[in-house]
Amino acid sequence: MTQIQGLIVGYSTEGEVKGCHVVCHGEVVGSVKQATAATDKLLGVSTRVTTHATEHTDVVRSGLALVTYGDTVKRGDPLTADALGRAVKATSGNIIIGFAEEDGEVDEVGSVFLMPGISAA
């Protein structure tokens, strides 16, 4: 699937952020880090470039974004982050980053329609 980016915002990076991974707010204002839990305050998805601490990270905040799946995902599933910052199906009460636009398997890159919120499913 083609990535159709909406709003892309640049942030300072706390630690390594892999390309096409879910990110959350960092500890410092204006920074991000790779998400590590379904309860993180999810912000968006990193672009294809892996970045390291103190480097600039571009984060897709709206529209469609490419994301690495961390489990079997079906089109329409609400997505959250796993411990490695990959997108996985959300369960009730998880913070979600959006909804899967296509089916995929572990470590495949798929597409997510970014729509942050809290999962009721």
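You'll find the structure just up there.
Everything numeric in this text was worked out from a predicted model, so none of it was measured.

### Description of the nonpolar core
Ranked by internal contacts, the top residues of the largest apolar core, which has 17 residues, are Val22, Leu79, Ile97 and Val112. Where this core is concerned, the elements lending two or more residues are strand S2 (22–25), strand S4 (42–46), strand S6 (63–68), strand S7 (78–81), strand S9 (95–100) and strand S10 (109–118). Once you skip the residues sitting within four places of it in the chain, valine 22 turns out to touch Gln34, Ala35, Leu42, Gly44, Val45, Val67, Ala81, Gly85, Arg86, Ala87 and Ile97. In terms of nonpolar packing, the next biggest core, distinct from the first, is built from 6 residues, Val17, Val23, Leu43 and Val59 among them.

### Things to note about the side chain of asparagine 94
Along the polypeptide, asparagine 94 turns up in the loop between strand S8 (87–89) and S9. Residue classification places asparagine 94 among the buried positions, given a relative accessible area of 12%. Among the polar contacts made by the side chain of asparagine 94, one reaches the main-chain amide nitrogen of threonine 91 at a distance of 2.7 Å.

### Regarding the sheet that holds strand S1 (residues 8–13)
Sheet architecture is closed into a barrel: 5 strands sit in the order S1-S3-S2-S4-S5, paired in mixed fashion. Going across the sheet, the axis of each strand differs from the next one's by a mean of 55°, ignoring polarity. Looking at chain direction, S4 and strand S5 (residues 56–60) are connected through 2 bridges and run antiparallel. Bridged to serine 46 within S5 is valine 59.

### What about the pairing of S6?
In terms of burial, S6 is largely enclosed, as 5 of its 6 residues are buried. Of the strand pairs in this sheet, S6 and S10 are connected by 6 bridges, and their pairing is antiparallel. Bridge pairing in S10 places alanine 65 opposite valine 112.

### So, the environment of glycine 44
Within the secondary structure layout, glycine 44 lies in strand S4. Spatially, the C-alpha atoms of glycine 44 and isoleucine 96 are 9.9 Å apart, while their sequence positions differ by 52 residues. Apart from the residues lying within four places of it in its own chain, the contact partners of glycine 44 are His21, Val22, Val23, Val59, Val60 and Ile97.

### Considering a negative patch on the surface
Taken together, the side chains of Asp71, Asp103, Glu105 and Glu108 define an acidic patch exposed on the protein surface. The class for glutamate 108 is partly exposed, based on a relative accessible area of 39%.

### Points about the environment of lysine 41
Mapped onto the secondary structure, lysine 41 falls in the loop between strand S3 (31–34) and S4. With 32 residues separating them in the primary sequence, lysine 41 and valine 9 have C-alpha atoms 16 Å apart. Those residues in contact with lysine 41 that sit more than four places away from it in its chain are Cys24 and His25.

### Brief notes about the pairing of S9
Relative to S9, S7 runs antiparallel, the two being bridged by 2 bridges. Each bridged residue has a counterpart across the sheet, and for leucine 79 the counterpart in S9 is glycine 98. Where S9 lies against S10, 5 bridges are found, and the strand directions are antiparallel. Its bridge partner being in S10, isoleucine 96 is matched across the sheet by glycine 117.

Definitions and cut-offs
Residues numbered from 1 in each chain as written. Predicted model: local features only at pLDDT ≥ 70, side-chain atom pairs only at ≥ 80, totals over all residues. Heavy atoms only, no water. Core = buried A, V, L, I, M, F, W, Y, C linked by side-chain atoms within 4.5 Å. Buried < 20%, exposed > 50% of the residue type's maximum accessible area, 1.4 Å probe, protein only. Helix = DSSP H or I, 4+ residues; strand = E, 2+ residues; numbered from the N terminus. Contact = heavy atoms within 4.5 Å. Polar contact = N/O pair within 3.5 Å; in protein donor to acceptor, adjacent residues only side chain to side chain. Pairing = 2+ DSSP bridges. Axes fitted to C-alpha atoms, helices over the stretch in contact; angles between N-to-C directions. Patch = residues over 30% accessible without salt bridge, like charges linked within 9 Å, V, L, I, M, F, W, Y side chains within 5 Å. Areas by Shrake-Rupley, 256 points an atom, 1.4 Å probe, with all protein chains shown as cover. Salt bridge = Lys/Arg side-chain N within 4 Å of Asp/Glu carboxyl O. Lys, Arg positive; Asp, Glu negative; His and termini not counted. Charge placed at Lys NZ, Arg CZ, Asp CG, Glu CD.

These figures come from the coordinates and say nothing about function on their own.
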